[in-house]
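The lines below spell out each chain.
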Amino acid sequence: MALILSALVVLVAAVSLSLGAAAVSPGDVLAALVGQADRLTQFVILELRLPRLLAAVLVGGCLGLSGALFQSVVRNPLASPDIIGITSSASATGAIALVWFGLSGLALSGVVLAGTLVAALLIYLLAWRRGISGYRFVLIGIGFAALTAGLVSYVLTRADLTDVQRALVWITGSLNNIDTVALIVLAASAAVLVPAALLLGRPLSALGLGDDVAAATGVRVERTRLVVVFVGVALAAVAVATAGPVAFVALVGAPIARRLVGRGSLALVSSALVGALVLVVSDVVAQFAVPGVSFPVGVVTGIVGAPYLIWLLIRTNRTGLGG
């Protein structure tokens, strides 16, 4: 199934590179990628479209993997960075860095990562009561998200109109203006964090059986939880620093992957691939669904993800899931 998802990502990526005001055939796309096309085609593919596509794949993969880590460690389908205040904390940190300090690129990525880690630590400590309960973690995260949303509103109301417009596009989640430095930082971070997340597959599977069973198999429960939360937060933070807090990708990636392959390390890989696929498809829709208009990709993911969240809340309430 991971191979099928990978093939779908490649297929949609090829479509994404072909579409645009200057349409390019699949053969010319391939020629540009191997350096055999004319200068104009290579410029369009390599300079304009490929960085955006790579950002979509990496951001979607990081968000999908981050959601899988949180949902697995808390054993709650609502424990997504979107819901529990992680991406909203990144939004608040990023809005302050953008509007008040004019940061971008590497500096913005570093500030967003640091601020998000601090917020995640606060959420974890507030949720701790001789262990972590899924619902308590989610509810405290929702409260923290509301607090940071208020902070974002305050920052925007005190900013100049130009800064507000720039910050609003970033907060919505957009791939329209990919910064080369931020993309390099994202790729380097993903090269470290994705393998680290995949190595957590076995202890996460043990935690899914309960703390006592996990401890009996040699898993250090709380230390493993802290490591998982740290990696999940870092994945979400570097993704948000590049494209803004793109909504609901982290929420939907893991449930789809678990339905396809079950749990374990393979589910983590599939969650990353589903996240990448969702974001690339959403970006294609955002760019070309309405002729002459390009939406921030977060608008599309929000339209798709909001009904899923409502359905998930209703299902969770009826069945009592979540721990």
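Residues numbered from 1 in each chain as written. Predicted model: local features only at pLDDT ≥ 70, side-chain atom pairs only at ≥ 80, totals over all residues. Heavy atoms only, no water.

Chemist: What is the right way to read the side chain of S271 from this model?
Modeler: Residue placement: S271 occurs in helix α13 (residues 265-288). One polar contact links the side chain of S271 to the main-chain carbonyl oxygen of A267, over a distance of 2.7 Å. Ignoring any residue separated from it by four or fewer positions in sequence, one finds S271 in contact with G64, L65, A68, G253, A254 and A257. (Helix = DSSP H or I, 4+ residues; strand = E, 2+ residues; numbered from the N terminus. Polar contact = N/O pair within 3.5 Å; in protein donor to acceptor, adjacent residues only side chain to side chain. Contact = heavy atoms within 4.5 Å.)

Chemist: Is there a simple way to explain the pattern of salt bridges in this structure?
Modeler: Applying the stated criterion across every chain, the model contains two salt bridges. The shortest N-O distance in the salt bridge between R52 and D283 comes to 2.8 Å. Highlighted residues: R52 in helix α3 (residues 39-74) and D283 in helix α13, separated in sequence by 231 residues. Here R52 and D283 have matching classes, each one buried. E222 is the salt-bridge partner of R225, the closest N and O atoms lying 2.6 Å from each other. Of this pair, R225 and E222 both sit in helix α11 (residues 221-243), three residues apart, which is roughly one turn of that helix. (Salt bridge = Lys/Arg side-chain N within 4 Å of Asp/Glu carboxyl O. Buried < 20%, exposed > 50% of the residue type's maximum accessible area, 1.4 Å probe, protein only.)

Chemist: I tried to follow helix α7 (residues 161-172) on my own but got confused; where do I start?
Modeler: Residues separated by three or four positions in an α-helix point in the same direction, a consequence of the helix having 3.6 residues per turn. Helix length check: α7, at 12 residues, gives a terminal C-alpha distance of 16 Å against a target of 16 Å (1.5 Å per residue), a fit within 8%. Burial in α7 covers these residues: V164, A167, W170 and I171. Looking down the long axis of α7, one finds its buried residues gathered within 130 degrees of arc, a one-sided arrangement. Turned more than 90 degrees away from the buried face of α7 sit L161 and T162, all of them exposed. Taken from the residues just after α7, G173 is the one with a positive phi, measuring 100 degrees. (Expected span 1.5 Å × (residues − 1). Arc of directions from axis to C-beta.)

Chemist: Help me understand unusual backbone geometry in this model?
Modeler: Peptide bonds are mostly trans, and most non-glycine residues show a negative phi. The phi dihedral of F248 falls on the positive side, at around 70 degrees, and the residue is not glycine. Among the structural elements, F248 can be located in the loop between α11 and α12 (249-261). Given a relative accessible area of 14%, F248 falls into the buried group.

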